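A look at the structure
Given next are the chains, with one letter for each unit.
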Amino acid sequence: MNIAVLIPSLEPNETLVTLVHTLKDQGIKHMVVIDDGSSTAAQPLFDRCAALGCIVVHHKTNQGKGEAIRTGLRTAMAHFPSLSGVVTADGDGQHTIEDILRVAAETEQHPDGIVMGTRDFSAENIPMRSWFGNRFSSLFFRLSSGISCPDTQTGLRGIPSALFDFALSIPGSRYEYEMNFLFTAAQKKIPLQFIPIQTVYEDGNQTSHFRPIRDSARIYAMPLRFVAASLSSFVVDILLFALFSHLLPSRTARAILTATIAARVISGIFNFTLNRNWSFASTTDNWKAQGMRYLVLFICQMLASGGLVSVLSFLPLPLTVIKILVDTFLFCISYFIQQNWVFRK
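Sequence order sets the numbering: in each chain, residues are counted from 1 along the sequence as written. With the structure being a predicted model, the display of local features is reserved for residues of pLDDT at least 70 and the display and counting of side-chain atom pairs for 80 or more, all residues being used for whole-chain, interface and lining totals. No hydrogens and no water enter the side-chain calculation; it runs on all heavy atoms of the structure.

**What to know about the overall build of the protein chain**
- Only DSSP runs of H or I with at least four residues qualify as helices, and only runs of E with at least two residues qualify as strands; both kinds are numbered from the N terminus onward. Along the backbone of the protein chain there are twelve helices and seven strands.
- When each of the 345 residues of the protein chain is scored for burial, the buried share is 46%.
- For the protein chain, the exposed surface amounts to about 17,800 Å²; the carbon and sulfur share of it is 63%. Burial classes: relative accessible area under 20% of the type maximum marks a residue as buried, over 50% as exposed, and values in between as partly exposed (1.4 Å probe, protein chains only). Note on areas: these come from Shrake-Rupley sampling with a 1.4 Å probe, and a residue is covered only by the protein chains present in the view.

**Side note on unusual backbone geometry**
- Located in the positive-phi region is Glu11, a residue other than glycine, with phi close to 50 degrees.
- Note that Glu11 resides in the loop between β1 (3–9) and α1 (14–25).
- Despite not being glycine, Lys189 shows a phi value in the positive range, around 60 degrees.
- Within the fold, Lys189 resides in the loop between α7 (176–187) and β7 (192–196).

**A few points about the side chain of Thr184**
- Relative to the helices and strands, Thr184 is located in helix α7.
- Whenever a nitrogen or oxygen atom comes within 3.5 Å of another N or O atom, the pair is scored as a polar contact, on the condition that within protein one atom can donate a hydrogen and the other can accept it, and that pairs from neighbouring residues in sequence are kept only if both atoms are in side chains. Polar side-chain contacts of Thr184 include one of 2.7 Å to the backbone oxygen of Asn180.

**A word on the nonpolar core**
- We call a set of buried residues a nonpolar core when its members are Ala, Val, Leu, Ile, Met, Phe, Trp, Tyr or Cys and they connect through side-chain atoms within 4.5 Å of each other. With 42 residues, the main nonpolar core has Val32, Ala76, Val86, Ile114, Phe166 and Phe181 as its most contacted residues.
- The element contributing the most residues to this core is α7, with seven residues.
- In this view, Ala76 contacts Ala4, Leu6, Val32, Pro81, Leu83 and Val86; residues no more than four positions away in its chain are not counted. Residue contacts follow a heavy-atom distance rule, with two residues in contact if any of their heavy atoms lie within 4.5 Å.

**Let's talk about the packing of helix α9 (residues 221–247) against helix α12 (residues 319–342)**
- In contact at an axis separation of 11 Å, α9 and α12 are set at 120 degrees when each is read in the N-to-C sense. Crossing of α9 against α12: the hand is right-handed. Residues Met222, Pro223, Phe226, Val227 and Ser230 of α9 form the contact with α12, whose own contacting residues are Phe331, Ser334, Tyr335, Gln338 and Gln339.
- Grouping the amino acids of the contact of α9 with α12 by side-chain chemistry returns six nonpolar, four polar and no charged. Only the stretch in contact is used when fitting a helix axis, every axis being a line fitted to C-alpha atoms; angles between N-to-C directions are given from 0 to 180 degrees. Should the near helix be turned counterclockwise from the far one by less than a right angle, the crossing is left-handed, whereas a clockwise turn marks it as right-handed. Asp, Glu, Lys and Arg are counted as charged, while Ala, Val, Leu, Ile, Met, Phe, Trp, Tyr, Cys and Pro are counted as nonpolar; the rest, among them Gly, fall into the polar class.

**As for the side chain of Asp36**
- Here Asp36 shows up in strand β2 (residues 30–36).
- Looking at Asp36, the relative accessible area reads 4%, which means it is buried.
- Looking at Asp36, its side chain comes within polar contact range of the side chain of His59, at 2.8 Å.
- A distance of 2.9 Å separates a polar side-chain atom of Asp36 from the backbone nitrogen of Gln63.
- Apart from residues lying up to four places away in sequence, Asp36 is in contact with Ser9, Leu10, His59, Thr61, Asn62, Gln63, Gly64, Lys65 and Ala68.

**Description of the packing of aromatic side chains**
- Aromatic contacts are taken between Phe, Tyr and Trp rings whose centres are within 6.5 Å, Trp giving its six-membered ring; a plane angle under 30 degrees counts as stacked, one over 60 as edge-to-face, and the others as tilted. Inspection of the entire model under this criterion finds eight aromatic pairs.
- Note on Tyr177 and Phe181: the rings are 6.1 Å apart at their centroids and 40 degrees apart in plane angle, and the pair reads as tilted. Residue Tyr177 and its partner Phe181 are located together in helix α7, separated by four residues, close to a single helical turn.
- You can call Tyr177 buried: its relative accessible area is 3%.
- Here the aromatic residues Phe226, Phe331, Tyr335 and Phe336 are joined through ring pairs into a cluster of three or more.

Written out as structure tokens, the structure reads:
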């Protein structure tokens, strides 16, 4: 089997050495362990891996899983130039030897696609944060890309040699790298092969270095920027309405309508500019074409808001509450429409 196994590692325990030793016994000749800035106390474990014939690369400081994978891939390409592919695996015991070997074998069988070892999250022993995080990210990925992926967060992935340059080009230095990898693969229509694997969580996944708030913010940077842009546009809309209402000589229906339209048009232009240049960073396409698509969505969303509020007005709720619920729903739908149509790449 002409596959190299890449194992990013941060503050490992004895499990890492056991993994390397067992993989060697099972015939895996090429292995690269990436020490992503571990402490001095962990260095004897890396030395033992090197003694087993494994290539060990050290980062002086912690640079993140994405950077560790790129380092491992560059190292494998330099030392084993005729590889059929690589498999990335975690060194904390979450991936069994059998599953790593299966993914490696499938990677050789699919030289043009990506092989993913996917876990079953319906079991009873799944930690709640892992269950929720995976379900949410899988739903988000499906709505964003149109592709169903049962486990977007799996670290067990097979990358054929034809996609080495692609893997090195993916942005992101930490956990966001893995999600960016999937999104870019979906955009480029690279085939994804899903291989069911065992679901293993040692000690409730306490060894994970995933930081829920900081790393989630990196993974979902685009929708968070979209939320920030929308809130900013809302503030601009309110402030402009207050200004125009103050400048207009009366409080007639005509004056209020004029203030509303003027404020909404300017805040809409502001929101379009923010989303194009910041939220979705989609400045390569013609801004006029994007502007027309945005205008169509803007009008449709406004009409849908009024129509749905009218349809749901029979509910025993204040109209303001109904409008908040409707607009929140339309806001979520608007994100995916803007990502996949208005500012599509």
